[in-house]
Amino acid sequence: MLVVCFAHIAYGLDPNRSISQYIYDEWGTDKGFPGGPIHAITQTPDGYLWVATAKGLLRFDGLSFRFLQHSNTPELPSGPILGLAVDSEGGLWIRSQGANLLRYSNGQFENLAGKLMDGEAGITAIGKAKNDEILAVGLMSGTLRYSGAKFLTLAQPVRLPNFLVISLAEGSQGQVWMGTRDVGLYALNQTGLASFANGLPDRKINCLLTGSDNELWIGTDNGVARWNGSEMTGITLDPSLSHVQVLTMIRDRDANIWLGTTSGLFRINTRGEVSAAAKSGSVQRVVSSLFEDREGNIWAGTSEALERMRDSVFVTHSVAEGMPSDNHGPIYVDAQNRAWFGPATGGLYSFKDGRIEQVTTAGLAEDVVYSITGSGDELWIGRQRGGLTHLRYHDDSYTAETYTEKQGLAQNSVFAVQRSRDGTVWAGTLSGGVSHFINGKLTSYTSDQGLPSNTVAALLETSDGTMWVATPNGVSSFVSDHWQPFRSKDGLPSERVNCLLEDSSGVVWVGTDAGLAYFSNGRFTSPAKVPQALHDQILGLTNDKNGALWITSATHVLRVDRDAAMRGDINEGDFHEYGLADGLKSTEGVKRFRSVTTDSLGQVWLSLNSGLSIVDPGRLARSSPPALVHITGITADGTSWNLGDKISIPSSRKRISFNFAGLSLTTPERIKFRYKLDSLESAWSEPVSAGEAIYSNLGPGHYQFHVIASNSEGIWNSSEETIAFEITPAIWQTWWFRIVSLTTLVLAVLAFYRLRLHQLTKQLNLRFEERLAERTLIAQDLHDTLLQGFLSATMQLDVAVDNLPADFPSTPRFEKVLNLMRQVIDEGRNALRGLRSANTIDSLKLEDAFARIKQELGTMDQVGYRVIAEGLPRPPHAIVRDEVYRIGREAVVNAFRHSQAKEIEVGVAYLGSHLRVAVHDNGCGIDPAILQSGRDGHWGLSGMRERAERIGAHLKVRSKIGVGTEVELTIPNNVAFPAKSSRLARLFKTANWFKTADETKGKEDG
């Protein structure tokens, strides 16, 4: 990047600034430009720059070229592109050789030759009307206006020798100006065609530029003329260039006229001053086309390259512009906007209206100026060796008075000077403390009086009259002859404080070696969320009229939103960093008191290590339109998709990439992007510089990709670019496939569950059958053998006893043996009844069997006993029924024998999911220890639990001393009740047969 130089220095940032303050860039063959003369430049509303060259058509996004020619774009004719224009609808008009006239819009080329007169031999010029309609001149078709998708004839072709129109423009009063190649200037209005040949410097009219009040600028082969509505006048350039060949002209947004000539580029400002834009010291280049883009950049086309003149953010003055040094120190701007500065090499200088003057009074030319302050027509100057100088000035005359250690100054090295509102002056020294000068008397303060350090870096008097002193050991305030120190424990990010500032709202800011802090509620606070650059060594601070803080550090020039900094949340839009691309020649601040300041016009002055720079924050706010963003491509696993079609991407494509570009031709390298994908992300991404977003493994569905861009100033565009697409599912990702799969899975699980349940039920039934058969066999064996043997023995013994004499001595003993045998028989019958109890209750329902227990026990009638049935009764499995009865019987018998209850209740509930038997009494209850482990030598509770466990039932025993006891047994229905199968029917039939046989045998026994 090169900066264009001119012979004089301009002050400030007005539209008439020197052309030297534009930043110059060039794109030649080394940067992708194909070479050859440039015939025209324009910009379409989408932000792309279009360049017509001898080799074809170029599209430029600020970073790279896209070259369109007949070989890669068949719609374009071969040969050079001669003219470009953009109509009111944003369509790009392209003029090539012959009758070829094309319109490009929405990615499509339309050849308009068919709308011209038959046999049209060539279009010689195109131009724009006032309403952005297109004007054209054809050899056969005459002068045309394109309106309503068709050409309207304004005038038939002029049949004059050498009448060849090569330039077109519409004037402010509706007349169409036509510049010819050989016969001068003509105007087409309602009365016809009028010639304006008199007063022209040449009859070849290369370019026309209209203005208000019927003004017209005419560029010829022999200079420039101006028609003011009534007469033709010449424009005087430099005498050596008065007859220059003018090829193109434009008017920029600041009303400057730019001329592209065979001798280079010139600018005529609003004061009529002519400046030449030089490239690398040479003005001898042909500028054949000019254009100003939407951001105010001036583009020039030459035979060698595409050039850009960019308005710099900063105006920087250095040795190249006549400054005494590139490295500057303190800066002070007085009420007359005269800038006073002290270069690092020494001396004091003033600067106003491009004029630099050195002050040599009082030996200032031989000393280094450390600090400058003042008021009205006086200055107070802190010097490296010469103490404190009071300088008065009027016009070009100066008077000075200097104060040193002889007059009571703390030290002759004065680093910081502050003039108070009451006229007193404070002077901070390098190692002697601070001196207070009032009414001709100097009073000094050092660390002995409360200063944090005798080295003073900065001074500040705030609006409430407090004097602040910055030192390498913290900062201190002076109020009512009292010093109040503040150090790291008081919130300072570092005790090495370099600069101080009171902003427009009265807040005190400090810049330290470790960043920024502000004073609030008796202590300092550092912003919490800040960019890394704000942790740098802060050397200079000021604020502008917009409330922003301007900061110079050891390596950065920054602008920070003050309110965001106080909130402790500095986001991207609240912070901007400037560099060489903005017109700075250095980003390194200098360690001097007040090296950054704001003048009465609101301009910010920055003293840097290379140059003195000025910026107008108000101009920044008016410039920098948002960047335009475009999605340029979408690829899936390397395959590109046409953006104009409906985009359907198979789900087998795993990696989808979106490419996009931001159109800001000023500094495109600073453009940043945010993006998001609907259905996946709800918030924008973090800002990125790369124009690509990649997503992997997206599921089937409809998506919409969004992207926005910001320009170099961090301004985000309000509109976003979007593209919709669909990920088509594979067969296994379709909804119907998922429903079928889910249904199949549910059915498979259900079938497995039913199969497993059937298997478990079958196994349980087999176990029940085996137990039932085993118990029946044991009962049969006991009945047929043991009990029958005892019965026979008892009967024989009984007969024998009956036959003994009445006085036989052994009769009592035989009777005792007989009673013992009867007892054994009874116990055997009870055991047999336990094995075959199912037989005894088979004909009874569970609730009926429970109802007979009291009668069987023959217990007292004063105990209330009842059985309650609930639900529809069903016959349980034989084994289950037996075990349930035994558990319930045990609970009832225990209640009668041990509970001392007045009421005993048995509930039998046939429920939807289980069989429930509950025995409740209101007796004395069971001791918790016995309830937990059982009574020693008794097996009732443990037996009940074992029986319940064997049949897969759940037993609960709840008891409370003095309240009663409840025994609850629950058995799942699939365990309690048999399935309706022939096998179970056979089981019940077998059980009934055993019951019948047992009853028959009992009768026989009787």
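Just above sits the structure.
The structure contained in this document is the topic of the report that follows. These figures come from a predicted structure and were not determined experimentally. (Residues numbered from 1 in each chain as written. Predicted model: local features only at pLDDT ≥ 70, side-chain atom pairs only at ≥ 80, totals over all residues. Heavy atoms only, no water.)

With respect to the sheet that holds strand β43 (residues 458–461)
Line of reasoning, step 1. Across the sheet, which stays open at both edges, the 4 strands sit in the order β43-β44-β45-β46 with antiparallel pairing between neighbours. Two strands in the sheet have a free side with no partner beyond their single neighbour: β43 and β46 (482–486). Adjacent strand axes in the sheet meet at a mean angle of 20°, parallel and antiparallel pairs treated alike.
Line of reasoning, step 2. Bridge analysis of strand β45 (residues 474–479) against β46 gives 5 bridges, and the strand direction is antiparallel. Looking across to β46, one finds that Phe478 is bridged to Trp483. (Pairing = 2+ DSSP bridges. Helix = DSSP H or I, 4+ residues; strand = E, 2+ residues; numbered from the N terminus. Axes fitted to C-alpha atoms, helices over the stretch in contact; angles between N-to-C directions.)

Quick word on the pairing of strand β57 (residues 611–615)
Line of reasoning, step 1. The buried fraction of β57 is high, at 5 of 5 residues.
Line of reasoning, step 2. Pairing between strand β30 (residues 314–317) and β57: 4 bridges, direction antiparallel. Looking at β57, one finds that Phe314 is bridged to Val615.
Line of reasoning, step 3. Summarising the sheet, strand β56 (residues 604–608) and β57 pair through 5 bridges and their orientation is antiparallel. Following the sheet pairing, Trp605 is matched in β57 by Ile614.
Line of reasoning, step 4. With antiparallel pairing between neighbouring strands as the criterion, β56 and β57 make up a hairpin whose turn holds 2 residues. (Buried < 20%, exposed > 50% of the residue type's maximum accessible area, 1.4 Å probe, protein only.)

Regarding helix α10 (residues 940–950)
Line of reasoning, step 1. Among the residues of α10, Gly940, Leu941, Gly943, Met944 and Ala948 are the ones counted as buried. For α10, the buried positions fall inside an angular range of 165° around the axis, keeping them on one side.
Line of reasoning, step 2. Backbone geometry just after α10 places Gly952 at a positive phi near 70°. (Arc of directions from axis to C-beta.)

Regarding the nonpolar core
Line of reasoning, step 1. The biggest cluster of nonpolar side chains holds 38 residues, and the ones touching the most others in it are Phe850, Tyr865, Val884, Leu915, Leu955, Leu969 and Ile971.
Line of reasoning, step 2. Of all the secondary structure elements, the ones that give two or more residues to this core are α6 (846–851), α8 (878–898), β67 (903–910), β68 (914–921), α10, β69 (954–960), β70 (964–972) and α11 (973–976).
Line of reasoning, step 3. Here this core gets 9 residues from one element, more than from any other, and that element is α8.
Line of reasoning, step 4. Those residues in contact with Tyr865 that lie beyond four places of it in its chain are Phe850, Ala851, Ile853, Lys854, Val892, Phe896, Ile904 and Val906.
Line of reasoning, step 5. Counting 28 residues, the second-largest nonpolar core is a separate cluster that includes Phe415, Val475, Phe486 and Leu500. (Core = buried A, V, L, I, M, F, W, Y, C linked by side-chain atoms within 4.5 Å. Contact = heavy atoms within 4.5 Å.)

Re the packing of aromatic side chains
Line of reasoning, step 1. Considering all chains together, one arrives at 52 aromatic pairs under this definition.
Line of reasoning, step 2. Their ring planes at 50° and their centres at 4.8 Å tell us that Trp340 and Tyr393 sit as a pair that is tilted. Taken as a pair, Trp340 in strand β32 (residues 339–343) and Tyr393 in strand β37 (residues 388–394) lie far apart in primary sequence, 53 residues in all.
Line of reasoning, step 3. Overall, Tyr393 belongs to the buried group, its relative accessible area being 7%.
Line of reasoning, step 4. Ring plane angle 15° and centroid distance 5.4 Å describe the contact between Tyr703 and Phe725, whose orientation is recorded as stacked. Of this pair, Tyr703 sits in strand β64 (residues 701–710) while Phe725 sits in strand β65 (residues 721–728), and the two are 22 residues apart along the sequence. (Phe/Tyr/Trp six-rings, centres within 6.5 Å; stacked < 30°, edge-to-face > 60°.)

Considerations on the packing of α8 against α10
Line of reasoning, step 1. Running from amino to carboxyl end, α8 crosses α10 at an angle of 160°, the nearest separation of the two axes being 9 Å. By the angle between their directions, the pair α8 and α10 is classed as roughly antiparallel. Along this stretch, α8 crosses α10, giving a crossing that reads as left-handed. Along its contact with α8, which presents Glu883, Arg886, Ile887, Glu890, Ala891 and Asn894, the element α10 presents Gly940, Met944, Arg947, Ala948 and Arg950.
Line of reasoning, step 2. For the contact of α8 with α10, the residue count by class is 4 nonpolar, 2 polar and 5 charged. (Parallel < 35°, antiparallel > 145°, perpendicular 65-115°, else oblique. Left-handed = near helix turned anticlockwise from the far one by under 90°. Nonpolar A, V, L, I, M, F, W, Y, C, P; charged D, E, K, R; others polar.)

Concerning the environment of Leu216
Line of reasoning, step 1. With respect to the helices and strands, Leu216 occurs in strand β20 (residues 216–220).
Line of reasoning, step 2. What makes Leu216 buried here is its relative accessible area of 0%.
Line of reasoning, step 3. Ignoring sequence-local partners within four residues, the contact set of Leu216 consists of Trp177, Leu185, Leu208, Leu209, Thr210, Ala225, Arg226 and Trp227.

Here's the deal with the pattern of salt bridges
Line of reasoning, step 1. Going through the model one piece at a time under the given rule, you end up with 30 salt bridges.
Line of reasoning, step 2. A salt bridge links Arg103 to Asp87, with the nearest nitrogen and oxygen atoms 2.8 Å apart. A residue pair is termed long-range when its members are at least 10 positions apart, and Arg103 in strand β9 (residues 101–105) and Asp87 in the loop between β7 (81–86) and β8 (92–96) qualify at 16 residues.
Line of reasoning, step 3. Classification of Arg103 as buried rests on a relative accessible area of 12%.
Line of reasoning, step 4. Among the charged side chains, a network of salt bridges with common partners joins Arg916, Arg958, Glu966 and Glu968. (Salt bridge = Lys/Arg side-chain N within 4 Å of Asp/Glu carboxyl O.)

Some thoughts on unusual backbone geometry
Line of reasoning, step 1. Its identity as a non-glycine residue notwithstanding, Asp481 has a phi of 60°, on the positive side.
Line of reasoning, step 2. Note that Asp481 resides in the loop between β45 and β46.
Line of reasoning, step 3. For Asp481, a relative accessible area of 65% corresponds to the exposed category.
Line of reasoning, step 4. Non-glycine residue Asp637 carries a positive phi angle of around 50°.
Line of reasoning, step 5. Along the chain, Asp637 falls in the loop between β58 (628–636) and β59 (639–641).

Regarding the side chain of Glu295
Line of reasoning, step 1. Relative to the helices and strands, Glu295 resides in the loop between β27 (287–292) and β28 (298–302).
Line of reasoning, step 2. Buried charge Glu295 goes without a salt bridge, the closest partner of opposite sign being Arg294 at 4.1 Å.
Line of reasoning, step 3. In terms of polar contacts, Glu295 uses its side chain to reach the backbone amide nitrogen of Leu665, at 2.6 Å.
Line of reasoning, step 4. The contacts of Glu295, once residues within four sequence positions are left out, are Arg253, Pro625, Ser664, Leu665 and Thr666. (Lys, Arg positive; Asp, Glu negative; His and termini not counted. Polar contact = N/O pair within 3.5 Å; in protein donor to acceptor, adjacent residues only side chain to side chain.)

Notes on the side chain of Arg592
Line of reasoning, step 1. Within the fold, Arg592 resides in the loop between β54 (575–578) and β55 (596–598).
Line of reasoning, step 2. The buried charged residue Arg592 lacks any salt bridge, with Asp367 as its nearest oppositely charged partner at 9.6 Å.
Line of reasoning, step 3. In this structure, Arg592 is in contact with Gly329, Pro330, Val368, Val369, Tyr370, Phe415 and Leu539, ignoring residues within four places of it in sequence.

Remarks on the pairing of strand β16 (residues 176–180)
Line of reasoning, step 1. A large share of β16 lies buried, amounting to 5 of its 5 residues.
Line of reasoning, step 2. Of the two faces of β16, the one lined by Val176, Met178 and Thr180 and the one lined by Trp177 and Gly179 are each fully buried.
Line of reasoning, step 3. In this sheet, β16 lies alongside strand β15 (residues 165–170) in antiparallel orientation, the contact comprising 5 bridges. Directly across from Ala169, in β16, lies its bridge partner Trp177.
Line of reasoning, step 4. Following β15, the chain reverses through 5 residues before pairing antiparallel with β16; Gly174 in that reversal takes a positive phi of roughly 90°.
Line of reasoning, step 5. Examined bridge by bridge, β16 and strand β17 (residues 185–189) share 4 bridges and lie antiparallel to one another. Across the sheet, the residue bridging to Val176 is Leu188, located in β17.
Line of reasoning, step 6. Count of turn residues in the β16/β17 antiparallel hairpin: 4 residues, of which Gly184 carries a positive phi of about 90°.

Things to note about the sheet that holds β16
Line of reasoning, step 1. With respect to topology, 4 strands assemble into an open sheet ordered β15-β16-β17-β18, the strand pairing being antiparallel. On the outer flanks of this sheet lie β15 and β18 (192–195), each paired with one strand and no other. Across the sheet, the mean angle separating the axes of adjacent strands is 25° when strand polarity is ignored.

Some points on the environment of Ser288
Line of reasoning, step 1. Considering the arrangement of structural elements, one finds Ser288 in strand β27.
Line of reasoning, step 2. Once the C-alpha coordinates of Ser288 and Gly260 are considered, the two residues, 28 residues apart in sequence, prove to be 6.0 Å apart.
Line of reasoning, step 3. Those residues in contact with Ser288 that sit more than four places away from it in its chain are Ile38, His39, Leu247, Thr248, Gly301 and Thr302.
Line of reasoning, step 4. Within the local environment of Ser288, its side chain forms a polar contact with the backbone oxygen of Ile38, the two atoms lying 2.4 Å apart.

Brief notes about the layout of surface pockets
Gaps between atoms show up when a probe of the same size as a water molecule is rolled over them.
Line of reasoning, step 1. In this structure, the largest pocket occupies an estimated 1700 Å³ of space.
Line of reasoning, step 2. In terms of lining, the largest pocket is formed by 46 residues, of which the most central are Leu84, Ile126, Leu208, Thr248 and Met249.
Line of reasoning, step 3. Elements supplying a minimum of two residues to the lining of the largest pocket: β3 (38–43), β7, β11 (123–128), β15, β19 (205–210), β23 (246–251) and β27.
Line of reasoning, step 4. Ranked by the residues each element gives to the lining of the largest pocket, the list is headed by β3, at 6 residues.
Line of reasoning, step 5. For the lining of the largest pocket, a count of residues per class yields 23 nonpolar, 13 polar and 10 charged. (1 Å grid on protein atoms, 1.4 Å probe; cavity = no way out; pocket = protein on both sides within 12 Å on 5 of 7 lines; lining within 4 Å. Points joined across faces, edges and corners; volume = space filled by probe spheres on them.)

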